[in-house]
Amino acid sequence: MRPAIARIDLDALRHNYRLARSLGGNKALAVVKADAYGHGAVRCAKALESEADGFAVAAIEEALELRESGIRKPILLLEGFFEPSELEPIVQHDLWFAVASRWQLEAVEKFSSPRPLRVWLKLDSGMHRLGFSPQEFRAAHARLSALKHVEAITLMTHMARADEPDCTRSAEQFAAFERATRGLRGDTSVCNSPALLGWPQLHGDWARPGLMLYGADPLPSGVELPGELKPVMHVESKIIAVRELAAGEPVGYGARFVADKPTRVGVVAFGYADGYPQMAPNGAPVSIDGKPGKLIGRVSMDMLTVDLTEHPNAGVGSTVQLWGDAPRVTELADACGASAYQILCALKRAKQVYSE
Ligand SMILES: *Cc1c(COP(=O)(O)O)cnc(C)c1O
């Protein structure tokens, strides 16, 4: 069997969730969209179900997968519905949903709901992607409040630059949110992971942590965190061949790496089809039998190559960790000019092994 494995530590997930909720101060929806950022949405939701206040996903398809697996806690559709016909199953499966556009508001008004709805009304406080503008927001809130079939409205917004500690934009967005929602009835929800970790002055009733649940730090390296994040995903494979290169010999496609001295190369059964960033440069961090090492040569679909010159005891069968406790996914992302979000979500094909 191919030795590419993603070990998923569900205890670490629970630890990170508790940290997120304590930083959020109150209640936290665990964001498990995109298959829980590559970690497996059903397994992660089950691991959190007894303690999470609820979950958040991008679309009804993701919510139904959770419901079908027996998840009974609240589930929020972060982008609401994509067509009005989804309102039927939303009610049937007892889902919460965002209303972030005029057409969605109109669809909710026209819908004759057999049961009360929980709506998250979204303000565009400056991200300029989804949500009602500050000018429209109060009118939208009034229209929703007037509907008998809407039982609760949560006031939400989303931060665009909370991962930039020196940027004034988050404070401006929060001030815009406070102005637009002043005096309106309803819980509030503002913070994603970078806001929870980097902006203690921002707050709301419902936090919406995603990335930090998986133990990845969204803030720039060097910024101190208010608590420990434990990596949840540990991705590894094995060395399946070893080559000795003479000075001047290349390895892999395009000869991107050429040995400048005698070099021992290990071939690892993991490639971009498993989700490793294809653009990873020579020198990108790996861990070889637990010791720091580096990638050399261009990443192939099913394989990549590492430098074993400084690892004389490593050979065929040695374990190479691509990300996890070392290197952390953020270190790999920084080396590749990618984001931890992107690398985690890209995981596929590798066998997922869960530890409770
Ligand atoms: C994805 C998402 C989140 C989670 O963001 P992280 O940065 O991963 O914590 C929160 N809120 C909304 C609206 C989202 O789309």
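Placed above this text is the structure.
So, here's what we can say about the structure. (Residues numbered from 1 in each chain as written. Predicted model: local features only at pLDDT ≥ 70, side-chain atom pairs only at ≥ 80, totals over all residues. Heavy atoms only, no water.)

Within the protein, the secondary structure is distributed over 11 helices and 18 strands. A total of 356 residues make up the protein; the buried ones form 54% of that total. For the protein, the accessible area works out to roughly 15,600 Å², and carbon and sulfur atoms hold 51% of it. The average position of the 40 basic charges and that of the 43 acidic charges among the side chains of the protein differ by 2 Å. (Helix = DSSP H or I, 4+ residues; strand = E, 2+ residues; numbered from the N terminus. Buried < 20%, exposed > 50% of the residue type's maximum accessible area, 1.4 Å probe, protein only. Areas by Shrake-Rupley, 256 points an atom, 1.4 Å probe, with all protein chains shown as cover. Lys, Arg positive; Asp, Glu negative; His and termini not counted. Charge placed at Lys NZ, Arg CZ, Asp CG, Glu CD.)

Turning to the nonpolar core, a few remarks are in order. Counting 113 residues, the largest nonpolar core has Phe55, Leu66, Phe97, Phe270, Tyr276 and Trp323 as its most contacted members. Mapping this core onto the domain boundaries places at least three of its residues in each of domain 1 (10-214) and domain 2 (233-355). Discounting chain neighbours no more than four positions away, the residues touching tyrosine 276 are Phe270, Gly271, Ala284, Pro285, Val286, Leu295, Val299, Leu304, Leu322, Trp323 and Leu332. Counting six residues, the second-largest nonpolar core is a separate cluster that includes Leu245, Phe257, Val265 and Ile296. (Core = buried A, V, L, I, M, F, W, Y, C linked by side-chain atoms within 4.5 Å. Domains from an automatic or database assignment. Contact = heavy atoms within 4.5 Å.)

So, on to the side chain of aspartate 124. Tracing the sequence through the fold places aspartate 124 in the loop between strand E6 (117-122) and helix H7 (134-145). In this structure, aspartate 124 is buried with no salt-bridge partner, the nearest side chain bearing the opposite charge being arginine 169 at 6.9 Å. A polar atom in the side chain of aspartate 124 sits 3.0 Å from the backbone nitrogen of glycine 126. Engagement of the side chain of aspartate 124 in a polar contact is seen with the backbone nitrogen of methionine 127, the distance being 3.3 Å. Leave out the neighbours within four places in its chain, and aspartate 124 touches Arg129, Leu130, Gly131, Phe132, Ser133 and Pro134. (Salt bridge = Lys/Arg side-chain N within 4 Å of Asp/Glu carboxyl O. Polar contact = N/O pair within 3.5 Å; in protein donor to acceptor, adjacent residues only side chain to side chain.)

Looking now at the pairing of strand E2 (residues 27-31). A regular strand places its side chains on the two faces of the sheet in alternate fashion. When you tally the buried positions in E2, you get four out of five residues, the bulk of the element. Where E2 lies against strand E3 (residues 54-57), three bridges are found, and the strand directions are parallel. Bridge pairing in E3 places leucine 29 opposite glycine 54. (Pairing = 2+ DSSP bridges.)

As a further point, take the site of the ligand. The local shell around the ligand holds 14 residues, among which Lys33, Tyr37, Ser193, Leu211 and Tyr341 are the closest. The side chain of lysine 33 places a nitrogen or oxygen atom 2.8 Å from an oxygen atom of the ligand. Side-chain polar atom of serine 193 to an oxygen atom of the ligand: 2.5 Å apart, as the coordinates give it. If the ligand stood free it would expose 390 Å²; the protein chains cover 93% of that surface. Breaking the shell around the ligand down by element, the ones donating at least two residues are helix H2 (33-38) and helix H9 (193-198). (Near = heavy atom within 4 Å.)

What follows is about unusual backbone geometry. Following alanine 326, the chain continues to proline 327 via a peptide bond in cis, the omega torsion being -10°. Counting through the fold element by element, proline 327 comes out in the loop between strand E17 (319-323) and helix H10 (329-336). Although it is not a glycine, histidine 128 sits at a positive phi angle of roughly 60°. If you trace the backbone, histidine 128 turns up in the loop between E6 and H7. Overall, histidine 128 belongs to the exposed group, its relative accessible area being 60%. If you check the backbone angles, arginine 349 has positive phi at about 65° while not being a glycine. In this fold, arginine 349 is placed in the loop between helix H11 (340-345) and strand E18 (351-355). Classification of arginine 349 as partly exposed rests on a relative accessible area of 48%.

What follows covers the pairing of strand E1 (residues 5-9). With five bridges connecting them, E1 and E18 associate as parallel partners. Its bridge partner being in E18, isoleucine 8 is matched across the sheet by tyrosine 354. Here E1 pairs with strand E10 (residues 233-245) via four bridges, running antiparallel. Residue isoleucine 5 lies in a different strand from E10, and its bridge partner there is glutamate 236.

Another point: the pattern of salt bridges. Between side chains of opposite charge, a pair can form when the charged atoms approach closely. Summed over the entire model, instances satisfying the criterion amount to 16 salt bridges. Here arginine 102 and glutamate 136 are joined by a salt bridge, their closest N and O atoms 2.7 Å apart. Taken together, the residues arginine 102 in helix H6 (residues 102-110) and glutamate 136 in helix H7 connect sequence positions 34 residues apart. A residue is classified by how much of its surface remains accessible, and glutamate 136, at 26% relative accessible area, is partly exposed. When the shortest N-O distance is used, the salt bridge between aspartate 274 and arginine 349 registers 2.9 Å.

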